[in-house]
Amino acid sequence: MSIVRTVRGDISPGDLGPCDAHEHLFLETPAQPGDDFTDAGKAIEEARTLWAAGARSLVDWTPLGLGRSLEGLRAVSEATGLHVVGATGLHRDAHYAAGDPFREEPVERLAERFAGDLAAAIPAGVIKVGASYHVVKPFEQKAFEAAAEAHRRTRAPVCVHSEHGTMGLVLVELLTGLGVAAGSIVLGHLDRNPDPGEHAETAAAGAWLQLDGPGRAKYHPDSTILALIAALVERGFADRLLVGGDTGRRSMFRAYGGGPGLDYVFARFKPRLERELGQELSEEIFVTNPARAFAFEPRA
Ligand SMILES: [Zn+2]
């Protein structure tokens, strides 16, 4: 039977509800000094705004070694009622210091660690990996191999950080070559490279396309993301699209004095998508698709 694995246990995919497909409630990384956020009270405060804006679930993409807290995610879920899916796995190379112990860990040990997290008392529900800009570095290749092994053991979805939306199809081919079903692959940040033709080819391979840049006007206005969505829908890939907010910096949280806040994707972007592209598409992107993308049939 297909389930979504949340930090409070397995739920039926149909119970996931409106889903923010990419968030971070806790994060600290040497790649973003001074922009860490680790306060559970502030995470709860922000998560309440997301609930008030209509979300009923979120997927937290913070992986191992970067302040990930499955206990913290569970506390947020218990305080707010949001279904929260946590991650195991590793981010791209740049997020780990030179002496980080994960750099020395062999593939098999990492795979055991990832699979163990997916079966823990407070379990992760997705496996994260990351690639660099137009290149998969050796540390990242190791993580991809370990993630694939953990996926083969558990069937959990593999969530991929693409740097600036590059190499989508290359990363899908890498993972499928390692035995991961394309339908279990979620590619994040593709809207940083708003090229509908390229992403349509990746969608045709069966992977999930995730757009998570709403509110980042310094890269693109939201209109660029809406145009990308419209172009992918026109090419027949409405059933491959996911949208998240990806609040990955302290300065993006109102609870820390920043903005636009965890609720931006639901409070601002989703209503605009409904006005410009229709309610039916919104339902597909925020409810129907996440219930498929983040579901899996766990192996006994
Ligand atoms: Zn992220």
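Here we summarise the structure given alongside this text. (Residues numbered from 1 in each chain as written. Predicted model: local features only at pLDDT ≥ 70, side-chain atom pairs only at ≥ 80, totals over all residues. Heavy atoms only, no water.)

## Some details on the environment of Val-265
- In this fold, Val-265 is placed in helix H8 (residues 264-277).
- A relative accessible area of 1% places Val-265 in the buried class.
- C-alpha separation for the pair Val-265 and Leu-190, spaced 75 residues apart in sequence, amounts to 16 Å.
- Beyond its immediate stretch of four places on either side in the chain, Val-265 contacts Asp-20, Glu-23, Pro-214, Val-243, Gly-244, Gly-245, Lys-270 and Phe-286. (Helix = DSSP H or I, 4+ residues; strand = E, 2+ residues; numbered from the N terminus. Buried < 20%, exposed > 50% of the residue type's maximum accessible area, 1.4 Å probe, protein only. Contact = heavy atoms within 4.5 Å.)

## Some words on the pattern of salt bridges
- Tallying each qualifying case throughout the model produces 18 salt bridges.
- We note a salt bridge from Arg-92 to Glu-163, for which the minimum N-O separation is 3.0 Å. Taken together, the residues Arg-92 in the loop between strand S6 (87-89) and helix H3 (107-118) and Glu-163 in the loop between strand S8 (158-161) and helix H5 (168-177) connect sequence positions 71 residues apart.
- Judged by its relative accessible area of 17%, Arg-92 falls in the buried class. (Salt bridge = Lys/Arg side-chain N within 4 Å of Asp/Glu carboxyl O.)

## Re the packing of aromatic side chains
- Per the counting criterion, the structure on display carries five aromatic pairs.
- The interplanar angle of 55 degrees and the centroid separation of 4.6 Å between the aromatic rings of Phe-37 and Phe-253 together place this pair among those described as tilted. With Phe-37 in the loop between strand S3 (19-23) and helix H1 (40-52) and Phe-253 in the loop between strand S11 (241-243) and H8, the pair connects residues that are 216 residues apart, well separated along the chain. Across the pair, Phe-253 and Phe-37 agree in class, each one buried.
- On the numbers, 6.1 Å between centres and 65 degrees between planes, the contact of Phe-253 with Tyr-256 is edge-to-face.
- Look at Phe-253 and you get buried, because its relative accessible area is 2%.
- Every member of this aromatic cluster is reached through a ring pair, and the members are Phe-37, Phe-253 and Tyr-256. (Phe/Tyr/Trp six-rings, centres within 6.5 Å; stacked < 30°, edge-to-face > 60°.)

## Examining the coordination of the zinc ion
- Coordination of the zinc ion by the protein comes from His-22 (NE2), His-24 (NE2) and Asp-246 (OD), over a distance range of 2.0 to 2.3 Å.
- Read N to C, the donor residues that coordinate the zinc ion are spaced as H-x1-H-x221-D. Across the pair, His-24 and His-22 agree in class, each one buried. (Donors = N, O, S within 2.8 Å, 3.2 Å for Na, K, Ca; no water.)

## As for the pairing of S3
- Judged by how many residues are buried, S3 sits mostly within the fold: five of five residues are covered.
- As judged from the three bridges shared by S3 and strand S4 (residues 57-60), these two strands associate in the parallel manner. By the bridge assignment, Glu-23 is partnered in S4 with Asp-60.
- Handedness of the β-α-β unit built from S3, H1 and S4 comes out right-handed. (Pairing = 2+ DSSP bridges. Right-handed = clockwise from strand over helix to strand, strands pointing away.)

## Describing helix H7 (residues 222-234)
- Compared with an ideal rise of 1.5 Å per residue, which puts 13 residues at 18 Å, H7 spans 18 Å between its outermost C-alpha atoms and is within 8% of the ideal.
- Within the sequence span of H7, burial applies to Asp-222, Ile-225, Leu-226, Leu-228, Ile-229, Ala-231 and Leu-232.
- Packed against the buried residues of H7 are helix H6 (196-204), strand S10 (208-211), S11, H8 and helix H9 (279-293).
- Immediately beyond the C-terminal end of H7, within one or two residues, lies Gly-236, with a positive phi of roughly 95 degrees. (Expected span 1.5 Å × (residues − 1).)

## Regarding helix H4 (residues 138-154)
- The end-to-end C-alpha distance of H4 is 24 Å, a good match for the 24 Å that 17 residues give at a rise of 1.5 Å each.
- By the criterion of burial, H4 is predominantly enclosed, with twelve of the 17 residues buried.
- Following H4 by one or two positions, Arg-155 adopts a phi angle in the positive range, close to 80 degrees.

## Observations regarding the packing of H6 against H7
- Put simply, H6 and H7 touch, their axes get as near as 10 Å, and they point 50 degrees apart. Judged by the angle between their axes, H6 and H7 are oblique. The element H6 and its partner H7 pack so that their crossing is right-handed. Packed against H6, whose contacting residues are Pro-196, His-199 and Ala-200, the element H7 presents Leu-228, Ala-231 and Leu-232 at the interface.
- Among the residues making up the contact of H6 with H7, the classes are represented as five nonpolar, one polar and no charged. (Axes fitted to C-alpha atoms, helices over the stretch in contact; angles between N-to-C directions. Parallel < 35°, antiparallel > 145°, perpendicular 65-115°, else oblique. Left-handed = near helix turned anticlockwise from the far one by under 90°. Nonpolar A, V, L, I, M, F, W, Y, C, P; charged D, E, K, R; others polar.)

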